[in-house]
Amino acid sequence: TIIEPMDVEVASPATISRNGMVFFEPHLMGFQHILERIFKAYMPPQLEEGAKTAVLALVNFLASPLIKFVEESCKVVSPTQEQNLAQ
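These remarks concern the structure in this document. In this text, all values refer to a predicted model and were calculated from it rather than measured experimentally. (Residues numbered from 1 in each chain as written. Predicted model: local features only at pLDDT ≥ 70, side-chain atom pairs only at ≥ 80, totals over all residues. Heavy atoms only, no water.)

1. A closer look at the overall build of the protein
Here is step 1 of the chain: When helices and strands are tallied, the protein shows five helices and zero strands.
Here is step 2 of the chain: Counting helices and strands in the order they occur from the N terminus, the protein gives α-α-α-α-α.
Here is step 3 of the chain: Classification of the 87 residues of the protein by burial places 17% in the buried group.
Here is step 4 of the chain: Residue pairs at least 24 apart in sequence account for 49% of intrachain contacts in the protein once pairs closer than 6 positions are excluded. (Helix = DSSP H or I, 4+ residues; strand = E, 2+ residues; numbered from the N terminus. Buried < 20%, exposed > 50% of the residue type's maximum accessible area, 1.4 Å probe, protein only. Contact = heavy atoms within 4.5 Å.)

2. Looking at the side chain of Gln 83
Here is step 1 of the chain: Along the polypeptide, Gln 83 turns up in helix α5 (residues 82–86).
Here is step 2 of the chain: For Gln 83, a relative accessible area of 14% translates into the label buried.
Here is step 3 of the chain: From its side chain, Gln 83 meets the backbone oxygen of Gly 30 in a polar contact 2.9 Å long.
Here is step 4 of the chain: Those residues in contact with Gln 83, other than ones at most four positions away along the chain, are Pro 26, Met 29, Gly 30, Phe 31, His 33 and Ile 34. (Polar contact = N/O pair within 3.5 Å; in protein donor to acceptor, adjacent residues only side chain to side chain.)

3. Quick word on the side chain of Lys 52
Here is step 1 of the chain: Inspection of the secondary structure assignment puts Lys 52 in helix α4 (residues 49–73).
Here is step 2 of the chain: A relative accessible area of 19% means that Lys 52 is categorised as buried.
Here is step 3 of the chain: Not counting the four nearest positions on each side in its chain, Lys 52 is found in contact with Phe 39, Met 43, Pro 44, Pro 45 and Leu 47.

4. Comments concerning the packing of helix α3 (residues 32–42) against α4
Here is step 1 of the chain: For the pair α3 and α4, the least separation of the axes is 11 Å and the interaxial angle reads 150°. Comparing the axis directions of α3 and α4 gives the class roughly antiparallel. Crossing geometry of α3 relative to α4 is assigned as right-handed. Each of Gln 32, Leu 35 and Phe 39 in α3 lies in contact with α4, whose residues at this interface are Lys 52, Val 55, Leu 56, Val 59, Asn 60 and Ala 63.
Here is step 2 of the chain: Here the contact of α3 with α4 is composed, by residue class, of six nonpolar, two polar and one charged. (Axes fitted to C-alpha atoms, helices over the stretch in contact; angles between N-to-C directions. Parallel < 35°, antiparallel > 145°, perpendicular 65-115°, else oblique. Left-handed = near helix turned anticlockwise from the far one by under 90°. Nonpolar A, V, L, I, M, F, W, Y, C, P; charged D, E, K, R; others polar.)

5. Overview of the nonpolar core
Here is step 1 of the chain: One finds Phe 31, Leu 35, Ala 63, Ile 67 and Ala 86 forming the largest nonpolar core, which totals five residues.
Here is step 2 of the chain: Apart from residues no more than four positions distant in its own chain, Phe 31 is found in contact with Ala 63, Ser 64, Ile 67, Glu 82, Gln 83 and Ala 86. (Core = buried A, V, L, I, M, F, W, Y, C linked by side-chain atoms within 4.5 Å.)

6. A closer look at α4
Here is step 1 of the chain: An ideal rise of 1.5 Å per residue puts 36 Å on 25 residues; α4 measures up with 36 Å between its terminal C-alpha atoms.
Here is step 2 of the chain: The largest bend in α4 amounts to roughly 30° and is located at Ala 63, with the proline Pro 65 lying one to four residues further along.
Here is step 3 of the chain: Within α4, the full set of buried residues consists of Lys 52, Ala 63 and Ile 67. (Expected span 1.5 Å × (residues − 1). Bend = angle between axes of the 7 residues up to and from the residue.)

Structure (structure tokens):
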């Protein structure tokens, strides 16, 4: 039986090395990279660059306040992270 810690913060370097992974805590990464990935994947190609820039600026302007509102004002049924809310 192998017993591994649930949290990488308390894992030994050997555990991390053995798994061959690099782990970033989600709260340290933020959610901006997810918005950019979604933006690039789903933005209609026929939009002009000016329109794409305007849409991205609007998303960037609204995302943080909306996520904060959900976290503070809505009842949480299951714990979630900002990255999940951004998706």
